[in-house]
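Topology and contacts: notes
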Amino acid sequence: MGIITIDSKGFSLNEATVALLELTPEQAKVLEASIRKLLDQLCVEELAHAYVSTNEKGDEQIVVPAFDRTQFIETLRADPASQLGTVIADFVNERLPYDDYLAVRNSEIRAYIEQGSDGKDREVFERTASSRVHEGQVPGFAEKVRTSGVTKFRTLSFLKDEFNFRTRHLWDAKDRLPRREESRGKI
């Protein structure tokens, strides 16, 4: 489970996070504002890396290649720590990279339009996620083994007046982004 819930304004802290951290409404607003600030900064950086990928059929996807987002997450840790304390900041900082809606990991994200079997268009938001690193002993190996899985998350939503809050900045800039032709595989 992530730390946020999608709502009409974009997102809010989910009730479980607020309850677990025993946040007052004022503290929840501080934390939400810190996350919004992080996303605003991250969106600027994503646009600097983004491009539109096209294939031979003319299909397009907005792609943001993986880049190091660590500085943004560290900034988020420092921002609420002064107002909410390091325990809350550490909790959020530890879980933030694994929040599927926020997609702040050092991984590629893609946004594109796909037609469903019902003939209706949907926005697709894909992101590749690494799971937490697990360390353990494996029979036959002298040293501990570290493993981490990779999962591709794919969110589909019907096209409405506005795009997904997490990809809106990419769609707004689509016509200004550089174009690259995809030479292999399905995009």
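Preceding this paragraph is the structure being described.
For every chain, the first residue of the written sequence is number 1, and numbering continues from 1 onward in sequence order. A pLDDT threshold of at least 70 governs which residues receive local features in this predicted model, and a stricter bar of 80 or more applies before side-chain atom pairs are shown or counted, although totals over entire chains, interfaces and linings include all residues. For the side-chain quantities, the full set of heavy atoms in the structure was used; hydrogens and water were omitted.

1. Quick word on helix 2 (residues 25–49)
Secondary structure counts use DSSP, requiring at least four H or I residues in a row for a helix and at least two E residues in a row for a strand, with both numbered from the N terminus. To estimate how far a helix should reach, multiply one less than its number of residues by 1.5 Å. The terminal C-alpha atoms of helix 2, which comprises 25 residues, lie 36 Å apart, in line with the 36 Å expected from a rise of 1.5 Å per residue. Of the residues making up helix 2, those classed as buried are A28, L31, E32, S34, I35, L38, L39, L42, C43 and E46. Only protein chains enter the area calculation, which uses a 1.4 Å probe; residues under 20% of their type maximum are buried, those over 50% are exposed, and those in between are partly exposed.

2. Notes on the environment of A66
Locating A66 in the fold gives a position in the loop between strand 4 (60–64) and helix 3 (70–84). Between the C-alpha atom of A66 and that of E46, which follows or precedes it by 20 residues, the distance is 9.4 Å. In this description, contact between two residues means that some pair of their heavy atoms is separated by no more than 4.5 Å. Apart from residues no more than four positions distant in its own chain, A66 is found in contact with N106, S107 and E108.

3. Side note on the packing of helix 3 against helix 4 (residues 86–95)
It is at 7 Å that the axes of helix 3 and helix 4 come closest, and there the two elements cross at 155°. Between helix 3 and helix 4, the crossing angle belongs to the class labelled roughly antiparallel. Regarding helix 3 and helix 4, the two cross each other, and that crossing is right-handed. Side by side, helix 3 and helix 4 meet where I73, E74, L76, R77, P80, A81 and L84 of the first sit next to T86, I88, A89, D90, V92 and N93 of the second. All amino acids are sorted into three groups, where Ala, Val, Leu, Ile, Met, Phe, Trp, Tyr, Cys and Pro are nonpolar, Asp, Glu, Lys and Arg are charged, and the leftover types, Gly among them, are polar. Considering only residue class, the contact of helix 3 with helix 4 consists of eight nonpolar, two polar and three charged. Axes, fitted as lines to C-alpha atoms, cover a helix only where it is in contact. Angles between the N-to-C directions of the axes lie from 0 to 180 degrees. Note on terminology: angles under 35 degrees are roughly parallel, angles over 145 are roughly antiparallel, angles of 65 to 115 are roughly perpendicular, and the others are oblique. Put simply, a crossing is left-handed when the front helix is turned counterclockwise from the back one by less than a right angle, and right-handed when it is turned clockwise.

4. What about unusual backbone geometry?
You will see that E22, though not glycine, has its phi angle at about 55°, which is positive. Within the fold, E22 resides in the loop between helix 1 (15–21) and helix 2. Its relative accessible area of 69% is what places E22 among the exposed residues.

5. Re the side chain of Q61
With respect to the secondary-structure elements, Q61 resides in strand 4. In protein, a polar contact means a hydrogen-donor-capable atom and an acceptor-capable atom, both N or O and within 3.5 Å, with residues adjacent in sequence counting only if both atoms are side-chain atoms; elsewhere, any N or O pair within 3.5 Å suffices. Engagement of the side chain of Q61 in a polar contact is seen with the side chain of R110, the distance being 2.5 Å.

6. A short note on the packing of aromatic side chains
Pairing of aromatic side chains here covers Phe, Tyr and the six-membered ring of Trp, requires ring centres within 6.5 Å, and sorts the geometry by plane angle: under 30 degrees stacked, over 60 edge-to-face, intermediate tilted. Tallying each qualifying case throughout the model produces one aromatic pair. Ring centres of F11 and F165 lie 5.7 Å apart, and the angle between their planes is 40°; this geometry places the pair in the tilted category. With F11 in strand 2 (residues 10–13) and F165 in the loop between strand 9 (150–158) and helix 5 (168–173), the pair connects residues that are 154 residues apart, well separated along the chain. Here the two residues F11 and F165 agree in accessibility, since each one is buried. In this analysis the charged atom, NZ for Lys or CZ for Arg, is taken to sit over a ring once it is within 6 Å of the ring centre and within 35 degrees of the ring normal. A cation over an aromatic ring shows up here: R36 above the ring of F11, its NZ or CZ 4.4 Å from the ring centre. Cation over ring: R180 sits above Y51, and NZ or CZ is 4.1 Å from the ring centre.

Fair warning: the whole summary comes from geometry, so function is off the table for now.
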